[in-house]
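Take a look at the letters that make up each chain.
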Amino acid sequence: MTPPGPGAHRPGAAPFAAAVTGIGLVTAAGTGADAAWRGACGTGAAPSVHHLDELAGLPCDFMYTVTDTDPRGVLGVGALRLMDRFSQLAVIAAREAVADAGLDPTVWDSGRVAVVIGSAHGGLPFYDEQHTTLAERGARRVSPKLAPLTVVNGAASSVAMDLGVHGPSLAVSTACSSGTVAIGTAHQMLRAGACDVVVAGGAESVRSRLLIASACQMRAVSTRRDDPLAACRPFDTHRDGFVVGEGAGLLVLERPEHARARGATVRAHVAGYGASSDAYSAVAPDPGGLGIERALRTALADAGVGAAEVGHVNAHGTSTVANDLIEATMLRRVLGEHPLVTSTKAMTGHTLGAAGGIETALTVLALRHQLVPPTGNLDAPDPAIPVDVVSKEARRGAFDCAVKTSLGFGGHNAALVLTRA
Amino acid sequence: MSTSEEINALLVTRFGTDPGAIRPEVPLRQLRLDSLALEELRLLIEDRMDVDLEDVVLSSRDTLGQLVAAVRSKAGA
């Protein structure tokens, strides 16, 4: 593969900065943007990471879960029955994001509003449950709701129905980069004039013995069962795999003139997007990091931003041996030594298809607060990691530009460039 | 619990139906029970009341009273 060179992938389209006007977060670090931000910065409640009965006996029997909100109470039983948990979390996050943006779904031009939500696994827990029903009780006891609850577009359609969105709504599924690709897709839709407003990000809940058992077999997840809170440790010498989390992170993005016309408060801009494919492995990242480098260089060129201007990176930083070294080495090569790098996954868990949505939202908040959340559990920084990783406590910075990177199984890479409002 | 009480309880607890809207003469679609909901309700009634409703034809145009009567006929069979 030809190595991606600086500026080699500048798209033909004119620069376009989508306005971020609303944030919605449902995470194990907290529900609601304020609580999640405090959780990510280590100044809120401790992350909710626990042993789960349904994972008992597995080498990894713990997960980050959302425990401070009750979807049944928030959504009501009538709506709840048509959503698996990833869709429920998405609707809660979408309501917050739209309210934060000051938008009123009863009066907006609903045909000009879109929804783009990424998820890797959709309603896998319901699939897992119904497979057990089939095996144990027979075909006549299987729910007729399997398809509507498990399809990956369930979150997008649920949000569209809940908010009364009549523009395009779709799901993006590129494994663990799904949320980032969803926001990038929203950026492209706004740039193309397909809509004025997009609710975009990611949602995931894979509280499933089936999936975690397979992840254990793959040896991709941490087996630090004696101390779940310390198991996810991105960029640490003793990292031994990721820890799965559930959550949803959604942004309201708008065409800048639409946000301006209604006097909306703009939190930040999505200024550039790049995506690429490794064409290398079903699970492992390209060992040279060339795929994610290509995505990042494309995003920088799309935004018209130079490496020197990037002050902060919210990295994919999964806490696997391979990802963290490859990604950090790439970041140093493309951006240099100066950006403040963090991985917020020790606070939220690896939320797979939701990760890009949650972490982009946290990057928007980092730009607003000029504060970089710490990488949790970074007690013994890996000396091979060649970037400035923020650890222990949040660090103040002065930066107008930040980057979010994501890598997904199958070699789906994505990067966003965000700029300060 | 009677058959109608069992079904009414399922409507409230599993479908979020307004208890005030539940009357025998009300068509099921008026209670927001579409074709998917009716199939879900069929399974729930079978599990709860230990009846086999496989050959009962359910339609949203039917009233709640007709549904209760159909279940009663199977329960008594």
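- As recorded in an unreviewed UniProt entry, chain B goes by the name Acyl carrier protein, listed as coming from Streptomyces salyersiae.

### Some remarks on the interface of chain B and chain A
Often, the extent of an interface is quoted as the loss of accessible area on bringing the components together.
Then step 1. Facing the 15 residues of chain B at the interface are 13 residues of chain A.
Then step 2. Summing both sides of the interface, chain B and chain A together bury roughly 1,100 Å²; the carbon and sulfur share of this comes to 52%.
Then step 3. On the chain B side of the interface with chain A, the three residues burying the most area are Leu36, Glu40 and Leu43 of chain B, jointly 46% of the side's total.
Then step 4. Along the contact surface separating chain B from chain A lie eight salt bridges.

### Some words on the domain arrangement of chain A
All names here are of chain A.
Then step 1. Domain boundaries in chain A define domain 1 (18-261) and domain 2 (270-420).
Then step 2. Using C-alpha coordinates to define each centre, domain 1 is positioned 20 Å away from domain 2.
Then step 3. Contact with domain 1, which involves 66 residues of that partner, is made by 64 residues of domain 2.
Then step 4. For the interface between domain 1 and domain 2, the tally reads four salt bridges.

### Things to note about the UniProt feature "domain: Carrier" (unreviewed entry) in chain B
Then step 1. Here, the residues flagged by UniProt with the feature "domain: Carrier" (unreviewed entry) are residues 1-75 of chain B.
Then step 2. Across residues 1-75 of chain B one finds 53% helix and 0% strand; the C-alpha atoms that close the span lie 13 Å apart.

### Digging into the pattern of salt bridges
Then step 1. Evaluated as defined, the whole model comprises 32 salt bridges over all chains.
Then step 2. In this structure, Asp47 of chain B engages Arg141 of chain A in a salt bridge whose closest nitrogen and oxygen atoms are separated by 3.0 Å. Residue Asp47 of chain B is located in helix H2 (residues 35-49), and its partner Arg141 of chain A is located in the loop between helix H5 (124-137) and helix H6 (146-150); the two belong to separate chains.
Then step 3. Owing to a relative accessible area of 42%, Asp47 of chain B belongs among the partly exposed residues under this scheme.
Then step 4. The buried category is assigned to Arg141 of chain A, whose relative accessible area is 17%.
Then step 5. A salt bridge links Asp388 of chain A to Arg395 of chain A, with the shortest nitrogen-to-oxygen separation between them at 2.9 Å.
Then step 6. Take Arg395 of chain A: its relative accessible area is 31%, and that puts it in the partly exposed class.
Then step 7. Residues joined in a network through salt bridges with shared partners are Arg137, Arg140 and Arg141 of chain A together with Glu46, Asp47, Asp52 and Glu54 of chain B.

Calculation notes
Residues numbered from 1 in each chain as written. Chains lettered and ligands numbered in written order. Predicted model: local features only at pLDDT ≥ 70, side-chain atom pairs only at ≥ 80, totals over all residues. Heavy atoms only, no water. Contact = heavy atoms within 4.5 Å. Buried area = accessible area lost by both parts, 1.4 Å probe. Salt bridge = Lys/Arg side-chain N within 4 Å of Asp/Glu carboxyl O. Domains from an automatic or database assignment. UniProt positions renumbered as here; feature names shortened; annotations may be inferred. Helix = DSSP H or I, 4+ residues; strand = E, 2+ residues; numbered from the N terminus. Buried < 20%, exposed > 50% of the residue type's maximum accessible area, 1.4 Å probe, protein only.

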